[in-house]
Amino acid sequence: MPGSCAKLLIKGWSLVEKQNLILAFESSCDETSVAVIRDGHEILSNVIATQINSHKRFGGVVPEVASRHHIEQVTICIEDAMTEAAVTYDDLDAVAVTYGPGLVGALLVGVNAAKTVAYAHHLPLIPVNHMAGHIYAARFVKPFEFPLMALLVSGGHTELVYMQADGQFEIIGETRDDAAGEAYDKIGRVLGVPYPAGKVIDEMAHKGNDTFKFPRAMIDEDNYDFSFSGLKSAFINTVHHADQIGETLDKNDLAASFQASVVDVLTSKTLRVLKQYPVKQLILAGGVAANHGLRERLQEVLPKEFPNTDLVLAPLKLCGDNGAMIGAAGYVQYQHQQFGDATLNADPSLEFDWMPNMPH
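Before going into details, it helps to say that this report is about the structure given with it. Along each chain, residues carry numbers from 1 onward, in the same order as the chain's sequence is written. At least 70 in pLDDT is required for a residue's local features to be given in this predicted model, at least 80 for side-chain atom pairs to be given and counted, and no such filter applies to totals for whole chains, interfaces and linings, which use all residues. Based on all heavy atoms of the structure, the side-chain values leave hydrogens and waters out of the count.

## Some words on the environment of Lys142
Along the chain, Lys142 falls in the loop between helix 5 (130-136) and strand 6 (148-153). Look at Lys142 and you get partly exposed, because its relative accessible area is 29%. Considering only alpha carbons, one finds Lys142 and Val74, 68 residues apart in sequence, at a separation of 30 Å. In this structure the side chain of Lys142 is engaged in a polar contact, spanning 2.7 Å, whose partner is the side chain of Asp310. Helix and strand labels come from DSSP, where a helix needs a run of H or I of at least four residues and a strand needs a run of E of at least two; each type is numbered from the N terminus. Under the scheme applied here, a residue whose accessible area is under 20% of the maximum for its type counts as buried, over 50% as exposed, and between as partly exposed, the area being computed with a 1.4 Å probe on protein chains only. Identification of polar contacts relies on pairs of N or O atoms within 3.5 Å, with a donor-acceptor requirement for protein atoms, meaning one able to donate a hydrogen and the other able to accept it, and with residues adjacent in sequence counted only if both atoms are side-chain atoms.

What follows is the structure in structure tokens.
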């Protein structure tokens, strides 16, 4: 971008002496969010415009509807974020933006808005992996200590990610089919729970008992991968069979049984991976990291099994998609001068990779 390199170099050398302000964009799915983050760990503003009410009637996110909402909201979110943070464009050091993974139309809105701001104000542009952002949401709790392991659980992803240093991601295990959050939403439709179903099912689960003993898929297999498609099918088949014979099932018990299976598998695999990969911290992040059943189980078992591993839970308000987490991840890339330019495009299938210009 014209005029940005000289400014980048000057700011890059002066990171230690001055505060760093990043304007961060997130628009990968059904939240439009813009945040202003100071020094990678302090939130000056984090404006989120949710689209949940628009998608509820469809039982899930409709990409075209999501894109239109992002277009309508992104400029408003920028203005609100700058006003709330009490900063001007001259105060900013960089612009960070999610460029994948996610819905391509939704991503493009954020990417183009960020490129416009960066170009107009001669600011460096930082392309951020959405999933890295989820992990760095935990950075607002305390500094990271390496090596660490992240249990990353969201609507589209369930992964165990090993990090030896900032910006270095190695996937140790991942879902082979439905992600945990995706399974929650699918069984929510069967229970008559409106989208997004995770929070309500979590609440129902705390009122019920694990009476159905659903399968714990792959829990004993010699790997760290996950599978929740079979659990989803077992749940749906149980409900449909009961309907066919006129039997009424307790919905709270169904929710509790489903959640017990998910939490058992996630916890078991996580404890096993920690035996092979000793780490200083275990990070729980992603949308499903807001699940109280999962949080409670990890808080219960980790101190007993791994007393020297610190459990860091992403803040509840930052488990969902938000600009603050993108700013936190972007700060690390800013420090290593990993920038994009006007050719940056959305990458809906983006995967974790080593950050360029960083040691392997």
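Read on, since the account is not over.
## Some remarks on the sheet that holds strand 1 (residues 21-26)
Each pair of strands is called paired provided DSSP finds at least two bridges between the two strands. Read across the sheet, five strands follow the order 3-2-1-4-5 without closing on themselves; strand pairing throughout is mixed. At either end of the open sheet lies a strand with only one pairing partner, and these are strand 3 (42-50) and strand 5 (125-129). On average, each strand axis in the sheet is inclined to that of its neighbour by 20 degrees, with strand direction left out of account. The sheet contact formed by strand 1 and strand 4 (residues 94-100) spans four bridges and is parallel. The residue bridging Phe25 from the neighbouring strand is Val97, located in strand 4. Any two residues whose heavy atoms approach within 4.5 Å are treated as being in contact. Axis lines are fitted to C-alpha atoms, over the contacting stretch for helices. Their N-to-C directions set the angle, which ranges from 0 to 180 degrees. Contacts from helix 3 (residues 63-85) reach strand 1, strand 2 (31-38) and strand 3 within the one sheet, and its direction differs from that of strand 2 by about 25 degrees.

## Digging into the environment of Gln259
Locating Gln259 in the fold gives a position in helix 9 (residues 251-276). Relative accessible area serves as the criterion here: at 5%, Gln259 is assigned to the buried category. Spatially, the C-alpha atoms of Gln259 and Gly198 are 9.8 Å apart, while their sequence positions differ by 61 residues. Among the polar contacts listed, one links the side chain of Gln259 to the side chain of Tyr184, at a separation of 2.8 Å. Reaching out from Gln259, the side chain makes a polar contact with the side chain of Asn291 at a distance of 2.8 Å.

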